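Notes for the structure review
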Amino acid sequence: RFAWSVINERRFRHGPLITAAAAVVLVLVYGYLRLPVVDSEMAGAPKLRFGIVQANLGIREKNDDPQKAVRLNRRLTERLNELGADIAVWPESTITSPILASNAKKVPAGITEGLGIPVIFGAIQMWLYNVAVLSDSNGDILGIYRKQKLLMFGEYIPFGDIFPALYEWMPYVVRMVPGDSSEPLKFGDRSFGISICYEDILPRLINRMAEYSPDVFVNLANDNWYGRTHE
């Protein structure tokens, strides 16, 4: 009875209701017409099949036997190549030894050459940078991304440059330097926006990468820093 009296007294405003209903109808109609076009474009677009490699190795295991990580990742990559992957992605810090030189043009022997497939893998450069390396099927380095947002008390100590003694007090913290480029890595006519570890949850950083319009975002991570603990 109250609703009827409100309408009769013309206090009920029809305009907003009509506008909202029209907006919903417009969205539904647009989606109905647009989605088939998008599906068709996706079906006809060039494809790049990524093979994701996860050897499930802890930090200590890799440090104790660096070649074990290489062997496992190579074996899994060979299998992915057989399954038709166009490019393989290895985790962050897959290769901790040997260390990449500052002007490295080729992946160190025994890592990616002979796999017959390009690889994006995590490594350490000059003991300074946490990097993602893009190599072609011959082991030639096509590009290197240096992690820009380092992890406090893992990759650096705040104010450690001012008080170097902090690194002596906390010897398990490495002393890394952040990178300064968000440019994507190029693979032929494709481009990859690379991030490492928790960088992919930082909107400003990812938005800077997006300004280069990469074809795909690739994140390399290693979630084994805390070993077999609950963390």
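The structure this text deals with has already been given above.
In this report, we go over the structure that sits alongside the text. (Residues numbered from 1 in each chain as written. Predicted model: local features only at pLDDT ≥ 70, side-chain atom pairs only at ≥ 80, totals over all residues. Heavy atoms only, no water.)

We now examine the overall build of the protein. A count of helices and strands for the protein gives 6 helices and 9 strands. What you see for the protein is a C-alpha radius of gyration of 25 Å, clearly larger than the 17 Å of a compact globule of 231 residues, by over 25%. If one aligns the C-alpha atoms of the protein with their principal axes, the spans along those axes are about 80 × 50 × 35 Å. When each of the 231 residues of the protein is scored for burial, the buried share is 37%. Counting every atom, the protein has about 15,000 Å² of accessible surface; 58% of that belongs to carbon and sulfur. Of the charged side chains in the protein, 25 are positive and 25 negative; the average position of the first set lies 7 Å away from that of the second. (Helix = DSSP H or I, 4+ residues; strand = E, 2+ residues; numbered from the N terminus. Rg over C-alpha atoms; globule rule 2.2 N^0.38 Å. Buried < 20%, exposed > 50% of the residue type's maximum accessible area, 1.4 Å probe, protein only. Areas by Shrake-Rupley, 256 points an atom, 1.4 Å probe, with all protein chains shown as cover. Lys, Arg positive; Asp, Glu negative; His and termini not counted. Charge placed at Lys NZ, Arg CZ, Asp CG, Glu CD.)

Next up on the list: the packing of aromatic side chains. Under the definition given, this model contains 3 aromatic pairs. Ring centres of Trp-90 and Phe-121 lie 6.0 Å apart, and the angle between their planes is 50°; this geometry places the pair in the tilted category. One end of the pair, Trp-90, is in the loop between strand E2 (87–89) and strand E3 (95–100); the other, Phe-121, is in strand E4 (residues 119–125), with 31 residues separating them in the sequence. Here the aromatic residues Phe-50, Phe-187 and Phe-192 are joined through ring pairs into a cluster of three or more. Lying across the ring of Tyr-129, Arg-146 places its NZ or CZ 3.8 Å from the centre. (Phe/Tyr/Trp six-rings, centres within 6.5 Å; stacked < 30°, edge-to-face > 60°. Lys NZ or Arg CZ within 6 Å of the ring centre and 35° of its normal.)

As a further point, take the pairing of strand E9 (residues 216–220). Working note: regular strand, side chains alternate between the two faces of the sheet. Relative to E9, strand E8 (residues 190–196) is paired through 5 bridges, and the arrangement is parallel. When the sheet's bridge partners are listed, Ile-194 is paired in E9 with Val-218. The parallel pair E8 and E9, bridged by helix H6 (residues 203–210), forms a crossover whose chirality is right-handed. (Pairing = 2+ DSSP bridges. Right-handed = clockwise from strand over helix to strand, strands pointing away.)

For strand E5 (residues 129–135), a buried count of 7 out of 7 residues is recorded, marking the element as mostly surrounded by other parts of the structure. Because side chains alternate across E5, one face comprises the buried residues Tyr-129, Val-131, Val-133 and Ser-135, and the other comprises Asn-130, Ala-132 and Leu-134, equally buried. Of the pairings in the sheet, the one linking E4 to E5 comprises 7 bridges and is antiparallel in character. Bridge pairing in E5 places Val-119 opposite Ser-135. Counting the residues in the hairpin turn of E4 and E5 gives 3 residues, including Met-126, whose phi is positive at 60°. Of the strand pairs in this sheet, E5 and strand E6 (residues 141–146) are connected by 5 bridges, and their pairing is antiparallel. When the sheet's bridge partners are listed, Leu-134 is paired in E6 with Gly-143. With antiparallel pairing between neighbouring strands as the criterion, E5 and E6 make up a hairpin whose turn holds 5 residues, including Gly-139 at a positive phi of roughly 90°.

Attention now goes to the side chain of Lys-147. Mapped onto the elements, Lys-147 comes out in the loop between E6 and helix H5 (165–169). Judged by its relative accessible area of 1%, Lys-147 falls in the buried class. Those residues within four positions of Lys-147 in sequence are excluded, and the remaining contacts are Glu-92, Asn-130, Glu-155, Val-177, Pro-178, Gly-179, Ile-196, Cys-197, Tyr-198 and Glu-199. (Contact = heavy atoms within 4.5 Å.)

All right, on to the side chain of Asn-130 then. Secondary-structure assignment places Asn-130 in strand E5. Of note is the side chain of Asn-130, whose polar atom sits 2.8 Å from the side chain of Glu-92. (Polar contact = N/O pair within 3.5 Å; in protein donor to acceptor, adjacent residues only side chain to side chain.)

This brings us to the environment of Gln-54. Topologically, Gln-54 is positioned in the loop between strand E1 (50–52) and helix H3 (59–64). On the basis of relative accessible area, Gln-54 is assigned to the exposed category, the value being 53%. Taking C-alpha positions, Gln-54 is 10.0 Å from Ala-69, a pair spaced 15 residues apart along the chain. Beyond its immediate stretch of four places on either side in the chain, Gln-54 contacts Leu-76 and Pro-91.

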